[in-house]
Amino acid sequence: MSAAVFSIFLAFTALSTLLQLYLSLRQSRAVLLHRDRVPRDFKTVITLEEHQKAADYALAKQRLSRWHILYDTLLLLLFTLGGGLNLLAEAAARLSTAPLTQGVLLMVLFSLASSLLSLPFALYRSFRLEAAFGFNNMTLATFFADQIKGLLLGALIGIPLLYAVIYLMGAAGALWWLWVWLLWLGFSLLMLWAFPKWIAPLFNRFEPLADEALQQRITNLLARTGFASKGIFVMDGSKRSGHANAYFTGLGQNKRIVFFDTLLQGMQPQEVEAVLAHELGHFKHRHIVKQIAVRFLLALLVLFALGQIIHFAAVYHGLGVAYPSHAMALLLMMLVLPVFAFPFTPLGSFSSRRNEFEADRFAAAHTDAEDLVSALIKLYRSNAASLVNDRWYARWYDSHPNARERIAALRQTKEAT
């Protein structure tokens, strides 16, 4: 049985790694082939220089991604078959004799090790890759302050949760997985509610939208669409990055609309309104609620499956673990699940693209579709987003439709109305 688990794990790890590398190479090839000519539909709005910058940025990100894929695979094998988790378990045992605390310490040590091991790529991405294309505005001081605040916040919130989860796994009997899921469900909803008011301000500054004309335009849009919000805020996204974005955050009556300050720069009021209408479309079609529900359902299924195999010693031995425990079972689930889930990635991407089309149609119904088109073009330009994607890479990964399809659909919607 241990040999079977070992073989299956290695096979899926190899499949996942090779498939990720293959898709990345396909994407790089597609971008490189079209680097020297602007796609026909964009020749009048995107210059060759802008198109080539986007292509070079996409190629640089794919090169880094391939190294990251190999690095992550190496770390996975070192933590499992290489005995890394065993070393952490031994260290936790030396720090405490209480099984519950040992489990929490194991999770904490793994989190610290993972954070340290991820630093080289995070630093390179921000201070070499993003900086090379003019997107990084973050200082080293800000970078490390974010890391420290993230670790402290994770400890403050995560350690009590870990104690509760590991305790339930040992004390709640055969249905522990259901009680853990209910705990995680409540915790997740609490975090969704608390994030905009208590957590996000630890990392960014949020100020009420100062442009009165734009605020009135947005207020009118909210009234037309029946959306209630606790406020419209501008976030200092430029403190860290030149990328532009907008999003909703919060839950229930604690919802907020947030614009990056970089989004408002260079956008006309009617374009900002159209971008917001698109985001409202996600809310009105209940995309966020549906995504959360799917996430909760999948978590329930995963915990149920874990509950059925948690006591099989062959699973631990096949994955190179010599110290079975409830905490170790959680760690193995976190490490191994992405390998087995990767083949299903296109399902989520397809659903997300369908939602984007639906949100675009909502925006076109409540604003001028051409305003959203012009806003999207500005976003593609300011974010150096590639206008060219390999079809299989896009089907696998892309959460948004490609630029040509999205703009064509918006104009068809306008003609139909």
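Residues numbered from 1 in each chain as written. Predicted model: local features only at pLDDT ≥ 70, side-chain atom pairs only at ≥ 80, totals over all residues. Heavy atoms only, no water.

Looking at the packing of helix α1 (residues 2-33) against helix α2 (residues 48-79)
Logical step 1: The N-to-C vectors of α1 and α2 enclose an angle of 170°; their axes lie 9 Å apart at closest approach. Taken together, the axes of α1 and α2 are roughly antiparallel relative to one another. Every residue of α2 that contacts α1 at F9, L10, T13, T17, Q20, L21, S24, L25, Q27, S28, V31 and L32 is listed here: A55, A58, L59, Q62, R66, I69, L70, T73, L76 and L77.
Logical step 2: Counted by class, the contact of α1 with α2 contains 13 nonpolar, eight polar and one charged residues. (Axes fitted to C-alpha atoms, helices over the stretch in contact; angles between N-to-C directions. Helix = DSSP H or I, 4+ residues; strand = E, 2+ residues; numbered from the N terminus. Parallel < 35°, antiparallel > 145°, perpendicular 65-115°, else oblique. Contact = heavy atoms within 4.5 Å. Nonpolar A, V, L, I, M, F, W, Y, C, P; charged D, E, K, R; others polar.)

Remarks on the UniProt feature "domain: CAAX prenyl protease 1 N-terminal" (unreviewed entry) in the chain
Logical step 1: Using the residue numbers shown here, the UniProt feature "domain: CAAX prenyl protease 1 N-terminal" (unreviewed entry) corresponds to residues 28-205.
Logical step 2: Taken end to end, residues 28-205 has its terminal C-alpha atoms 37 Å apart, with 79% of it in helix and 0% in strand. (UniProt positions renumbered as here; feature names shortened; annotations may be inferred.)

Observations regarding the packing of aromatic side chains
Logical step 1: Within this structure, the stated rule accounts for 14 aromatic pairs.
Logical step 2: Ring centres of Y57 and F133 lie 5.2 Å apart, and the angle between their planes is 55°; on these two criteria the pair is classed as tilted. Taken as a pair, Y57 in helix α2 and F133 in the loop between α4 (99-132) and α5 (140-171) lie far apart in primary sequence, 76 residues in all. In this structure, Y57 and F133 share a single accessibility class: buried.
Logical step 3: Ring centres of F342 and Y397 lie 6.3 Å apart, and the angle between their planes is 50°; on these two criteria the pair is classed as tilted. Taken together, the positions of F342 in the loop between α12 (326-341) and α13 (345-366) and Y397 in helix α15 (residues 391-397) put the pair 55 residues apart, joining distant regions of the chain. (Phe/Tyr/Trp six-rings, centres within 6.5 Å; stacked < 30°, edge-to-face > 60°. Buried < 20%, exposed > 50% of the residue type's maximum accessible area, 1.4 Å probe, protein only.)

Section: the environment of L19
Logical step 1: Note that L19 resides in helix α1.
Logical step 2: Apart from the residues within four sequence positions on either side, L19 is in contact with F342 and W396.

Quick word on helix α14 (residues 369-382)
Logical step 1: Between the first and last C-alpha of α14 there are 20 Å, a value that for 14 residues agrees with the 20 Å anticipated at 1.5 Å per step.
Logical step 2: By the burial criterion, the buried members of α14 are A369, D371, L372, V373, A375, L376, I377, L379 and Y380.
Logical step 3: The secondary structure elements touched by the buried residues of α14 are α8 (261-264), α9 (269-284), α13 and α16 (403-416).
Logical step 4: Capping the start of α14 is the job of one residue whose side-chain oxygen sits 2.9 Å from the backbone nitrogen of E370: D368.
Logical step 5: Residue A384 follows α14 closely and has a positive phi angle near 50°. (Expected span 1.5 Å × (residues − 1). Polar contact = N/O pair within 3.5 Å; in protein donor to acceptor, adjacent residues only side chain to side chain.)

Comments concerning the sheet that holds strand β4 (residues 256-260)
Logical step 1: Spatial ordering of the open sheet is given by β1-β2-β4-β3, a layout of four strands whose pairing is mixed. Because the sheet does not close on itself, it has two edges, and the strands there are β1 (206-208) and β3 (246-249). For this sheet the average axis-to-axis angle between neighbouring strands, irrespective of direction, equals 35°.
Logical step 2: Here strand β2 (residues 232-235) pairs with β4 via four bridges, running parallel. Paired with M235 across the bridge in β4 is F260.
Logical step 3: Against the sheet, α9 engages β3 and β4, with an angle of about 40° to β3. (Pairing = 2+ DSSP bridges.)

Quick word on a nonpolar patch on the surface
Logical step 1: Together, L140, F144, I148 and L152 make up a nonpolar patch on the protein surface, roughly 400 Å² of accessible area in all.
Logical step 2: Tracing the chain through its elements places F144 in helix α5.
Logical step 3: For F144, a relative accessible area of 37% corresponds to the partly exposed category. (Patch = residues over 30% accessible without salt bridge, like charges linked within 9 Å, V, L, I, M, F, W, Y side chains within 5 Å. Areas by Shrake-Rupley, 256 points an atom, 1.4 Å probe, with all protein chains shown as cover. Salt bridge = Lys/Arg side-chain N within 4 Å of Asp/Glu carboxyl O.)

Structural notes on the UniProt feature "transmembrane region" (unreviewed entry) in the chain
Logical step 1: Feature annotation in UniProt places "transmembrane region" (unreviewed entry) on residues 6-25, 69-89, 104-127, 148-170, 176-195, 292-314 and 326-344, given in this structure's numbering.
Logical step 2: Segment residues 104-127 splits into 100% helix and 0% strand. End C-alpha atoms: 34 Å apart.
Logical step 3: Secondary structure across residues 292-314 comprises 87% helix and 0% strand; the distance between its end C-alpha atoms is 34 Å.

Structural notes on the packing of α4 against α12
Logical step 1: As a packed pair, α4 and α12 sit with axes 8 Å apart at the nearest point and diverge in direction by 30°. In terms of axis orientation, α4 runs roughly parallel to α12. Between α4, through G103, L106, M107 and F110, and α12, the contact on the second element is made entirely by A327, M328, L330, L331, M334 and L335.
Logical step 2: Broken down by class, the residue content of the contact of α4 with α12 amounts to nine nonpolar, one polar and no charged.

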